[in-house]
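For reference, the chains in residue letters:
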Amino acid sequence: MKSLEQVENFWNDNLCGQHFITARYPSEEFFSQYRNFRYTKTHHLDTYIDWKGAVDKDVLEIGLGVGADGTRWAEHARSYTGIDLTDEAVIATQKHLEVLGLPGQTRKGNAEALELPDDSFDIVYSHGVLHHTSNIEKTFDEVYRVLRPGGQFIVMLYCKHSFNYWIRIQTYFRIRFLWALCMSQIGGKPGSPWREHLANFREKGWSYFSWSEWPHHCTDGPDCEIANIYTPARIKAMLRRAGFTVKKTKQAHFPAGLSPGLERSLAAWIGFHHISWAVKS
Ligand SMILES: C[S@@+](CC[C@H](N)C(=O)[O-])C[C@H]1O[C@@H](n2cnc3c(N)ncnc32)[C@H](O)[C@@H]1O
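Residues numbered from 1 in each chain as written. Predicted model: local features only at pLDDT ≥ 70, side-chain atom pairs only at ≥ 80, totals over all residues. Heavy atoms only, no water.

Enquirer: Please explain the site of the ligand as it appears in this structure.
Expert: Near the ligand you find 20 residues, and of these R38, D84, A111, H127 and T133 are the closest. The side chain of R38 places a nitrogen or oxygen atom 2.8 Å from an oxygen atom of the ligand. A distance of 3.2 Å is found between a nitrogen atom of the ligand and a backbone nitrogen or oxygen belonging to L85. In isolation the ligand offers 600 Å² of accessible surface; the protein chains occlude 96% of this area. When its residues are assigned to classes, the shell around the ligand shows 8 nonpolar, 9 polar and 3 charged. (Near = heavy atom within 4 Å. Polar contact = N/O pair within 3.5 Å; in protein donor to acceptor, adjacent residues only side chain to side chain. Areas by Shrake-Rupley, 256 points an atom, 1.4 Å probe, with all protein chains shown as cover. Nonpolar A, V, L, I, M, F, W, Y, C, P; charged D, E, K, R; others polar.)

Here you go:
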């Protein structure tokens, strides 16, 4: 049984996105490079997310990483609150806000049991987070509870109807892993991440490579224990079960080094991310 403690330990050891940046963490240069990296690579966010429309809204963000999206919300919203399971992400986001002189508060918290009052936010935003938790349905109930009536839940989860799931993870990564396994039998020394996959495989056996287990280890690193990937229908069903009305969805993120417009067009069919805009009715 996978636990929230494993999730917390993994993300404390792997502050989200830090390894993409060369500048020293937590310098001003680090945060600047990170924002540049994020909104170049994940360019659809500035197109799809209406940061400016939050001018008269209280925003809660769940799952912070190094706080890039937090700074976007804090710049425009009436108020910004960020929570994360890990101390590392809370500290990083607070520093990021301070470096830019932006208002907002961050604190440690668990999306499955939010220590926040009912009906207290207009927008709850969570990008790439809730597929990592042990009980996503509990988190949807909690988001519903803390949103004001008419409030909006913007949530990005990994998408199963994607190039990432079928071609990259379940096909190419499997072949690549088996190749690394064969090479290691004749003395080869595979590099990262195949070295880590091999170590996990030797510890856990073929269950590590099973159809359902393997994808958990192929999005955010081999040692990530929980990374669920959902069909759009399943996401919609979970949101409806919690009481939400789904107003809009977008499939996004196809980082292939093409022009942003072309990437967004391809992503609409086979992108890695599924974003839902759901309303508390
Ligand atoms: C992949 S990072 C995403 C961070 C950021 N939203 C982004 O897009 O870069 C996932 C984050 O979710 C946090 N997280 C995972 N489960 C959580 C939970 N149950 N409650 C709060 N935060 C959680 C982790 O600590 C980690 O910082």
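Enquirer: What's the story with the pattern of salt bridges in this structure? I'm lost.
Expert: Oppositely charged side chains may form a pair once their charged atoms are brought near each other. Scanning all chains against the criterion turns up 19 salt bridges. Between D46 and R72 there is a salt bridge; the shortest N-O distance is 2.8 Å. Separated by 26 residues along the polypeptide, D46 in helix α3 (residues 44-48) and R72 in helix α4 (residues 68-76) bring together distant segments of the chain. On the accessibility criterion, D46 (36% relative accessible area) is partly exposed. A residue is classified by how much of its surface remains accessible, and R72, at 19% relative accessible area, is buried. Here R241 and D141 are joined by a salt bridge, their closest N and O atoms 2.9 Å apart. Here R241, found in helix α9 (residues 232-241), pairs with D141, found in helix α6 (residues 136-146); they are 100 residues apart in sequence, far enough to count as distant. R241 sits in the partly exposed class, given a relative accessible area of 43%. In this structure D141 comes out as partly exposed when scored by relative accessible area, which is 36%. (Salt bridge = Lys/Arg side-chain N within 4 Å of Asp/Glu carboxyl O. Helix = DSSP H or I, 4+ residues; strand = E, 2+ residues; numbered from the N terminus. Buried < 20%, exposed > 50% of the residue type's maximum accessible area, 1.4 Å probe, protein only.)

Enquirer: How do you make sense of the pairing of strand β2 (residues 79-84) when you look at a structure like this?
Expert: Across a regular strand the side chains alternate sides, sitting on one face of the sheet and then on the other. Within β2, 5 of the 6 residues are buried, leaving the element largely enclosed by the surrounding structure. For the crossover that starts at strand β1 (residues 58-62), traverses α4 and ends in the parallel β2, the hand is right-handed. When β2 meets strand β3 (residues 105-108), the two strands line up parallel, connected through 4 bridges. Pairing of I83 across the sheet is with R107, part of β3. Each parallel crossover has a hand, and the one from β2 via helix α5 (residues 87-99) to β3 is right-handed. (Right-handed = clockwise from strand over helix to strand, strands pointing away. Pairing = 2+ DSSP bridges.)

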